[in-house]
Amino acid sequence: MNAVTLHPVRAALDLDGRRLSYLDFGGNGRPLLALHGHLDQGATFAPLAQELAPEWRVIAPDQRGHSASDRAPEYTRAGYLADAVAVLEHLGVGPAVVLGHSLGGLNAYQLAARYPELVTALVIEDAGAEMGVDGGANPFLFLSGCPYEAATRQELIAGLGPAGPMFADALRQLPDGSWRLPFHPQDMIDSEAQNEGDHWDDWVASHCPALLLYGERSPVVSATQARAMVQRRPGTRAAAFDADHFLHRDQPEAIAAAVRAFLNELR
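From a predicted model like this one, the values you see are computed outputs, not experimental measurements. (Residues numbered from 1 in each chain as written. Predicted model: local features only at pLDDT ≥ 70, side-chain atom pairs only at ≥ 80, totals over all residues. Heavy atoms only, no water.)

Regarding the pattern of salt bridges
In total, this model carries 11 salt bridges according to the counting rule given. In this structure, Asp 62 and Arg 10 form a salt bridge, with 3.1 Å as the shortest nitrogen-oxygen distance. Of the two residues, Asp 62 sits in the loop between strand S4 (56–61) and helix H2 (77–91) while Arg 10 sits in strand S1 (residues 9–15), which places them 52 residues apart along the sequence. Since its relative accessible area comes to 0%, Asp 62 is described here as buried. Note that Arg 57 is salt-bridged to Asp 24, the shortest N-O span being 2.5 Å. On the criterion of sequence distance, the pair formed by Arg 57 in strand S4 and Asp 24 in strand S2 (residues 18–24) is long-range, its members being 33 residues apart. Neither residue differs from the other here; Arg 57 and Asp 24 are each classed as buried. Within this structure, Arg 18, Arg 64, Glu 74 and Asp 83 form a network of salt bridges that share partners. (Salt bridge = Lys/Arg side-chain N within 4 Å of Asp/Glu carboxyl O. Helix = DSSP H or I, 4+ residues; strand = E, 2+ residues; numbered from the N terminus. Buried < 20%, exposed > 50% of the residue type's maximum accessible area, 1.4 Å probe, protein only.)

Given below as structure tokens:
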């Protein structure tokens, strides 16, 4: 573990009355924007931020509709990218390396494709150029019918049924003492639907260095797709890990080492 002690600061942007919260892990290092996946939050990158300090200043938003950020009226691709641009412009830290997991990985490489002046390099964690196009159902349909709020924490966990233990530690208490999920179930279903499709044009549109990380047991990025992503986009390399979809949780030290080695080369 890096001996540097981080003191992350939570702050927020007001985007036309909608709160977009973010964690700034601070320091004078080069900026790295870290974008989490669905059902997650910016704090998931705290261990990685610790490992990369002090050379890198990690900024990790809670993406729209997640954790401390407000729900949004829509979850389009353009909406997510506009939020990322707003964070970079607000902090005045662009251009930056952009790292993203799953939903965040798609957002990261689309940001590079559409705003190349803001992105110096990409680290993509288990996000493909094709998302959800294998004929499978929306993976978040299990959330359909789940409660968003309840009077007590125990009531909310019970209402979630089998999903209760999965989210028990992430529930948020409201000012009136009631509890809610860190996301609205229908928002996540709608957001995932916007993710699905063929995004090859965006994947090959940018030209900055890119590192693709994927799990050998991941249902999202296969070895075949990873090879194709490397072959079709110059400047891209890939690394596989003994992990499922959540690489930075399954293999935190190995992922941090791979990311650090890639970033060191950018100097």
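Regarding the sheet that holds S2
Overall, mixed pairing links the eight strands, which are arranged S1-S2-S4-S3-S5-S6-S12-S13 in an open sheet. A strand with exactly one partner marks an edge of an open sheet, and here the two such strands are S1 and strand S13 (236–241). For this sheet, the mean inter-axis angle between neighbouring strands, taken without regard to orientation, is 20°. Where strand S6 (residues 119–125) and strand S12 (residues 210–215) come together, four bridges link them in parallel fashion. Bridged to Val 123 within S12 is Leu 211. (Pairing = 2+ DSSP bridges. Axes fitted to C-alpha atoms, helices over the stretch in contact; angles between N-to-C directions.)

Thoughts on the packing of H2 against helix H3 (residues 103–114)
In the contact formed by H2 and H3, the axes pass within 10 Å of each other and the chain directions differ by 75°. With respect to H3, the axis of H2 lies roughly perpendicular. Only Leu 103, Leu 106, Asn 107, Gln 110, Leu 111 and Arg 114 of H3 make contact with H2, whose side of the interface consists of Arg 77, Tyr 80, Leu 81, Ala 84, Val 85 and Leu 88. Taken together, the residues of the contact of H2 with H3 sort by class into eight nonpolar, two polar and two charged. (Parallel < 35°, antiparallel > 145°, perpendicular 65-115°, else oblique. Contact = heavy atoms within 4.5 Å. Nonpolar A, V, L, I, M, F, W, Y, C, P; charged D, E, K, R; others polar.)

Considering the nonpolar core
The tendency in soluble globular proteins is for nonpolar side chains to be buried side by side. By size, the foremost hydrophobic cluster in this structure holds 36 residues, and its most contacted members are Leu 33, Val 98, Leu 111, Val 119, Leu 122 and Ile 124. By residue number, the principal contributor to this core is H2, which donates six residues. Of all hydrophobic cores here, the second largest spans 27 residues; its members include Ala 34, Ala 60, Ala 121 and Ala 256. (Core = buried A, V, L, I, M, F, W, Y, C linked by side-chain atoms within 4.5 Å.)

A word on the pairing of S1
Of the pairings in the sheet, the one linking S1 to S2 comprises seven bridges and is antiparallel in character. Residue pairing for S2: Leu 13 is matched across the bridge by Leu 20. Counting the residues in the hairpin turn of S1 and S2 gives two residues, including Asp 16, whose phi is positive at 55°.

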